[in-house]
Amino acid sequence: MNILVVNGPNLNFLGIREPEIYGKQSYYDLVNFLLAYGELHRIDIEVYQSNHEGEIIDIIQNNYLRFDGLVINPAAFTHYSYAIYDCIKSINIPAVEVHLSDITQREDFRKISVIEPACVAKFYGKGFNSYIEAINHLQKRMNT
Ligand code: DQA
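Residues numbered from 1 in each chain as written. Predicted model: local features only at pLDDT ≥ 70, side-chain atom pairs only at ≥ 80, totals over all residues. Heavy atoms only, no water.

Overview of the packing of helix 3 (residues 53–63) against helix 4 (residues 82–89)
Consideration 1: Across the interface, helix 3 lies against helix 4 with an axial gap of 10 Å and an inter-helix angle of 5 degrees. In terms of axis orientation, helix 3 runs roughly parallel to helix 4. On helix 4, the residues that touch Glu53, Ile56, Ile57, Ile60 and Gln61 of helix 3 are Ala83, Ile84 and Cys87.
Consideration 2: The class makeup of the residues in the contact of helix 3 with helix 4 is 6 nonpolar, 1 polar and 1 charged. (Axes fitted to C-alpha atoms, helices over the stretch in contact; angles between N-to-C directions. Helix = DSSP H or I, 4+ residues; strand = E, 2+ residues; numbered from the N terminus. Parallel < 35°, antiparallel > 145°, perpendicular 65-115°, else oblique. Contact = heavy atoms within 4.5 Å. Nonpolar A, V, L, I, M, F, W, Y, C, P; charged D, E, K, R; others polar.)

The following block contains the structure:
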């Protein structure tokens, strides 16, 4: 199984940005955590990050054919990017939305996800483990 993980703006600043919300671990720690999980469970995982909307779309369009599923943390784009919504709708692999923080318990604008209707599931509020829940969901989906 191959999973493409795409992270949106400011996630490269993990450990620096609002550690009381996002934790003290760095983006590098997140990537290593995901790759180690993949190795342990024999899942091929590739992880990308971009601060730019168009680049996120390019990453998805240029790579999705090699993958069985997409795990995406669109970060702030979650709340307003119809371009990323359209991009996810246009690919024929399942996508799962993830967030480190509990977006339901924060500012009102974070309660809205324009990405959600393009995804098969959504996991949030568990820090790095939100990604693992998303990967497990895709794995279960593939095996049923
Ligand atoms: C986030 C939540 C978003 O609202 C925010 O803009 C982010 C990170 C999360 O992982 O909790 O940048 O996607």
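As for the side chain of Ser50
Consideration 1: Within the element layout of this structure, Ser50 appears in the loop between strand 2 (44–49) and helix 3.
Consideration 2: A relative accessible area of 3% means that Ser50 is categorised as buried.
Consideration 3: Only 3.0 Å separates the side chain of Ser50 from the backbone nitrogen of His52, close enough to count as a polar contact.
Consideration 4: Discounting residues that sit within four places of it in the chain, Ser50 has contacts with Asn7, Gly8, Pro9, Glu55, Ile56 and Ile59. (Buried < 20%, exposed > 50% of the residue type's maximum accessible area, 1.4 Å probe, protein only. Polar contact = N/O pair within 3.5 Å; in protein donor to acceptor, adjacent residues only side chain to side chain.)

Observations concerning the sheet that holds strand 1 (residues 2–7)
Consideration 1: Ordered in space as 2-1-3-4-5, the 5 strands form an open sheet in which the pairing is parallel. Of all the strands in the sheet, just strand 2 and strand 5 (121–124) have a single pairing partner and so form its edges. Here the average twist between neighbouring strands, direction ignored, is 20 degrees.
Consideration 2: One ladder, built from 3 bridges, connects strand 3 (residues 69–73) with strand 4 (residues 95–99); its direction is parallel. Residue pairing for strand 4: Leu70 is matched across the bridge by Ala95. (Pairing = 2+ DSSP bridges.)

These results come straight from atomic positions and should not be treated as a statement about function.
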